[in-house]
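So the chains spell out like this:
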Amino acid sequence: MPTTKTFGVPSPANRAIGGVPEIHYFDSLSRGRGQVIRLMCEDAGLAYKDVRYSFDEFPSFKREQLTDLNPLGSLPLVLLNDKILTQSYAILRHFARQLGAYEGETEEEKYWTDVICDIVIDWRTKFVDAYFSDGREQTYGDYCRNTRPVFLKGLERHLESHSTSTSGSFVLGQKISYADLVLYQICHDDQLTQDGRAGLKEYPRLSQLVDAVENRPNVKEFLASDRYLG
Ligand SMILES: N[C@@H](CCC(=O)N[C@@H](CS)C(=O)NCC(=O)O)C(=O)O
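Residues numbered from 1 in each chain as written. Predicted model: local features only at pLDDT ≥ 70, side-chain atom pairs only at ≥ 80, totals over all residues. Heavy atoms only, no water.

1. Some thoughts on the pattern of salt bridges
Any two side chains of opposite charge can pair, on the condition that their charged atoms come close.
Line of reasoning, step 1. Applying the stated rule across the entire model yields 18 salt bridges.
Line of reasoning, step 2. One salt bridge in this structure joins Arg93 and Asp114, with 3.5 Å as the shortest N-O distance. Of this pair, Arg93 sits in helix H4 (residues 88–99) while Asp114 is found in helix H5 (residues 107–131), placing the two residues 21 residues apart along the sequence.
Line of reasoning, step 3. Overall, Arg93 belongs to the partly exposed group, its relative accessible area being 21%.
Line of reasoning, step 4. For Asp114, a relative accessible area of 32% translates into the label partly exposed.
Line of reasoning, step 5. In this structure, the salt-bridge partner of Asp118 is Arg93, at a minimum N-O distance of 3.4 Å. One end of the pair, Asp118, is in helix H5; the other, Arg93, is in helix H4, and 25 residues separate them in sequence. (Salt bridge = Lys/Arg side-chain N within 4 Å of Asp/Glu carboxyl O. Helix = DSSP H or I, 4+ residues; strand = E, 2+ residues; numbered from the N terminus. Buried < 20%, exposed > 50% of the residue type's maximum accessible area, 1.4 Å probe, protein only.)

As structure tokens, this is what we get:
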């Protein structure tokens, strides 16, 4: 049986998205694609139901129930108001549009938010492939030496030079967007936000973004709470 906990109290933000989302995801600490959705809920003050599956129970859940809900058989899956939502990045964009936040206002800002998110999607795919492979020692080592620096350097350069990002700490300068959340979460999951940001020493602009996300009042409260599992 998955564990289920409800966090927060329904707020105007919940009304904007149509209720209290039920987020189904792995019980993988505070990590992964599903965690970004939880993080958006935390930041936006959305109450949410957190339904967590252990890695042991996932195969039978997938076989017996999940593929009826999501033909791809992947998590996260969000149930909201009789609707089944799949694909984490589409869910973030969907919530952003309904909240009227997290995606920028001008076409230029929306485009730039999507650009940074798309880079992170590519990065996370490479990270997951390398980290969860049978030959992790080799594949994750190669990834850390060769693949990850390409993303870190590229993102650092984008954020320090693109006019949309230079007026503040976030991807959109002063305004948080869903791209900050996905970028923060991959840095977190790949152990770059911990240990005094040691892994980001050569990337001050990314470090600045990570600090800014962690200093958002609701995120700060979440990271200090027992809802944050590492
Ligand atoms: N593009 C999808 C990727 C979903 C995905 O690959 N989920 C992984 C966990 S992060 C999963 O469910 N893996 C198990 C499986 O597919 O059987 C999304 O962003 O939601």
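2. Focus: the side chain of Arg52
Line of reasoning, step 1. In this fold, Arg52 is placed in strand S3 (residues 48–53).
Line of reasoning, step 2. For Arg52, the side chain forms a polar contact with the side chain of Asp27, separated by 2.9 Å.
Line of reasoning, step 3. In this structure Arg52 touches Pro2, Thr3, Tyr25, Phe26, Asp27, Ser28, Leu29, Gln35, Arg38, Glu57 and Leu229, once residues within four positions along its chain are discounted. (Polar contact = N/O pair within 3.5 Å; in protein donor to acceptor, adjacent residues only side chain to side chain. Contact = heavy atoms within 4.5 Å.)

3. Description of the UniProt feature "domain: GST N-terminal" (unreviewed entry) in the protein chain
Line of reasoning, step 1. Per the UniProt annotation, the sites labelled "domain: GST N-terminal" (unreviewed entry) are residues 21–103.
Line of reasoning, step 2. In the segment residues 21–103, helix accounts for 43% and strand for 23%; the C-alpha atoms at its two ends are 20 Å apart. (UniProt positions renumbered as here; feature names shortened; annotations may be inferred.)

4. Points about the UniProt feature "domain: GST C-terminal" (unreviewed entry) in the protein chain
Line of reasoning, step 1. Look at the UniProt record and you will see "domain: GST C-terminal" (unreviewed entry) annotated at residues 106–230.
Line of reasoning, step 2. Within residues 106–230, the helical portion is 65% and the strand portion 0%, while the C-alpha atoms at the span's ends are 35 Å from each other.

5. A few points about the sheet that holds strand S4 (residues 77–80)
Line of reasoning, step 1. A sheet is described by the order of its strands in space; here 5 strands give the open sequence S1-S3-S2-S4-S5, paired in mixed fashion. Across the chains shown, the open sheet's two edge strands, defined by having one partner strand only, are strand S1 (3–7) and strand S5 (83–86). Within this sheet the neighbouring strands show an average axis-to-axis angle of 20°, counted without direction.
Line of reasoning, step 2. Pairing of strand S2 (residues 22–26) with S3 involves 5 bridges; the strand directions are parallel. Across the sheet, residue Glu22 finds its bridge partner in S3, namely Lys49.
Line of reasoning, step 3. Its contacts with the sheet place H4 against S4 and S5, and it is angled at close to 120° to S5. (Pairing = 2+ DSSP bridges. Axes fitted to C-alpha atoms, helices over the stretch in contact; angles between N-to-C directions.)

6. What about the site of the ligand?
Line of reasoning, step 1. Taken together, Tyr25, Phe26, Arg33, Phe58, Lys62, Gly73, Ser74, Leu75, Pro76, Gln87, Ser88 and Tyr89 make up all the residues around the ligand.
Line of reasoning, step 2. Here a nitrogen atom of the ligand sits 2.7 Å away from a polar atom, N or O, in the side chain of Gln87.
Line of reasoning, step 3. For the ligand, whose unbound accessible area comes to 510 Å², protein coverage reaches 70%.
Line of reasoning, step 4. Those elements giving two or more residues to the shell around the ligand turn out to be S2, helix H3 (58–69) and H4.
Line of reasoning, step 5. Looking at the shell around the ligand residue by residue, the class counts come to 6 nonpolar, 4 polar and 2 charged. (Near = heavy atom within 4 Å. Areas by Shrake-Rupley, 256 points an atom, 1.4 Å probe, with all protein chains shown as cover. Nonpolar A, V, L, I, M, F, W, Y, C, P; charged D, E, K, R; others polar.)

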